[in-house]
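Descriptive analysis of the structure
Below are the chains, spelled out letter by letter.
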Amino acid sequence: MGMPNFNSSLQTLRAELLARRRPLSFAGVPVRGNHLAGLMELIVSEVQKSEAVSVPSINRYVIYEGFLQPLVKGLTEMGEAQIPELSDYDPELDRKSPVEALLKEFDEKCKFIGYETLKSEARSNLSSSLREMWHKVQAANIEFGNEIIGTSHETRDVVIQETKTVLGFLGLLKDVVVTQQLVREDARTILQRKHGGEPDCTPWQSLGTTVTRTKESAFDSLPKLPFLKASLQKSSPNWLRKNLGLVKADQQVRVCILKDAHFLWIDPEQMHPGGEVGGCLNFFYHKAKVVPHPSAETAFVIRPADKAGWRQTATFTGNASRDFIFDVKGSEYDRAKWMAAIEKHLQFAELASAQLGQQVEQQIKLRKPAVTELELEPDGSRPQMQSVEGYLA
């Protein structure tokens with residue numbers, strides 16, 4: 001072209017340029033062909049408008065629109081693919097959220113970019129998109145979880161009135177004062193949902209019915225306690241009698257009565273209105289147990305339930321560790337019937353004592369009753385309870 005060595009110099013320049021070429025990047029972000037073309041258009045547009053080029057505009061175009069925005073789009077699509085589609089309640093859903101992992105991946109891929117404002121904007125957009133999708137799935141899971149899978153019903157008693165009442169039955173506990181309650185019955189429905197946990201309950205509603213009951217409920221069973229009366233052979237605690245060589249010298253015939261948590265024995269000659277009770281176990285005071293006699297098939301033993309022995313001994317002879325032995329041979333009731341009946345009276349006394357609490361000793365006195373207190377009315381009936389005021393009038 002008129003210049004000496006032009007072609008060789010051109011070849012040398014071309015080789016040098018090719019040897020030293022580097023990928024075009026901006027702030028560490030690679031600039032591809034479409035980005036470069038767009039960047040040139042942006043420069044031309046800026047020059048035409050203001051005869052100057054805005055560096056922030058170039059930064060945003062190359063870094064945000066050229067790198068961060070496509071990254072956000074790709075991670076959003078990845079999150080959409082990873083978020084599960086629900087057809088029923090999933091109790092493990094919260095463990096399946098991809099949000100935090102994708103945000104961490106964004107941070108890792110952007111750690112070389114120094115423009116924090118642009119990174120923060122892109123990360124905020126990514127977080128908003130991912131969380132919006134996740135919240136929709138959570139809402140659907142909550143709706144599935146709230147579906148009712150079972151119902152049940154429960155009731156409660158609400159005391160609306162209490163009245164102190166004397167038992168009034170003919171018997172050894174006729175002076176005991178108990179509490180009569182007027183009770184309203186309420187009901188509600190319990191709802192079990194798919195999500196488990198504590199069930200939901202509808203408000204309590206009255207069933208419109210009321211019942212009267214005894215607060216000290218043990219006394220409701222008092223009229224049903226077995227009443228036994230029969231002549232039994234009672235072993236005497238007297239040392240002389242027990243050691244006499246006479247046959248059966250240590251046994252005495254006694255009329256034994258089981259009534260109102262009391263076990264009493266009476267000399268047959270004292271069975272008249274003015275007669276005296278020979279001895280008495282009051283199961284409110286005498287915590288006892290009844291067991292078969294180890295060597296006599298027709299005898300049973302009433303002994304202290306506590307190792308310390310009987311707490312009170314005023315109503316019988318003998319010491320606090322005395323065992324009471326009775327033989328039912330010849331009686332109309334066998335040993336098993338006596339033992340079962342005594343056990344029921346023991347259980348009644350234990351429950352009634354717990355319900356009366358400290359009132360036991362005030363209301364039930366430890367004494368030997370009169371013989372006239374031991375019989376039921378001729379027809380076996382017991383009068384109804386009456387109010388304290390009526391009883392004391």
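Basis of the calculations
Residues numbered from 1 in each chain as written. Predicted model: local features only at pLDDT ≥ 70, side-chain atom pairs only at ≥ 80, totals over all residues. Heavy atoms only, no water. Salt bridge = Lys/Arg side-chain N within 4 Å of Asp/Glu carboxyl O. Helix = DSSP H or I, 4+ residues; strand = E, 2+ residues; numbered from the N terminus. Buried < 20%, exposed > 50% of the residue type's maximum accessible area, 1.4 Å probe, protein only. Expected span 1.5 Å × (residues − 1). Polar contact = N/O pair within 3.5 Å; in protein donor to acceptor, adjacent residues only side chain to side chain.

1. Quick look at the pattern of salt bridges
Counted according to the given criterion, the structure contains 19 salt bridges. Taking the shortest distance from any N to any O, the salt bridge between Asp157 and Arg213 comes out at 2.8 Å. With a gap of 56 residues between them, Asp157 in strand E3 (residues 148-166) and Arg213 in strand E6 (residues 205-214) connect regions that are remote in the sequence. Asp157 gets classed as partly exposed once you look at its relative accessible area, which sits at 42%. A relative accessible area of 32% means that Arg213 is categorised as partly exposed. One salt bridge connects Asp175 with Lys174, and the closest N-O pair in it is separated by 3.5 Å. Overall, the relative accessible area of 41% leaves Asp175 in the partly exposed class. Connected through salt bridges with shared partners, the residues Asp88, Glu147 and Lys194 form a single ionic network.

2. Focus on helix H7 (residues 335-356)
The terminal C-alpha atoms of H7, which comprises 22 residues, lie 31 Å apart, in line with the 32 Å expected from a rise of 1.5 Å per residue. Among all positions in H7, only Trp338, Met339, Ala341, Ile342, His345, Leu346, Phe348, Ala349, Ala352, Ser353 and Leu356 are buried. One side-chain oxygen at the N-terminal end of H7 lies 3.3 Å from the backbone nitrogen of Ala336; it belongs to Asp334. Residue Gly357 follows H7 closely and has a positive phi angle near 65 degrees.

Any link to function would need more than the numbers given here.
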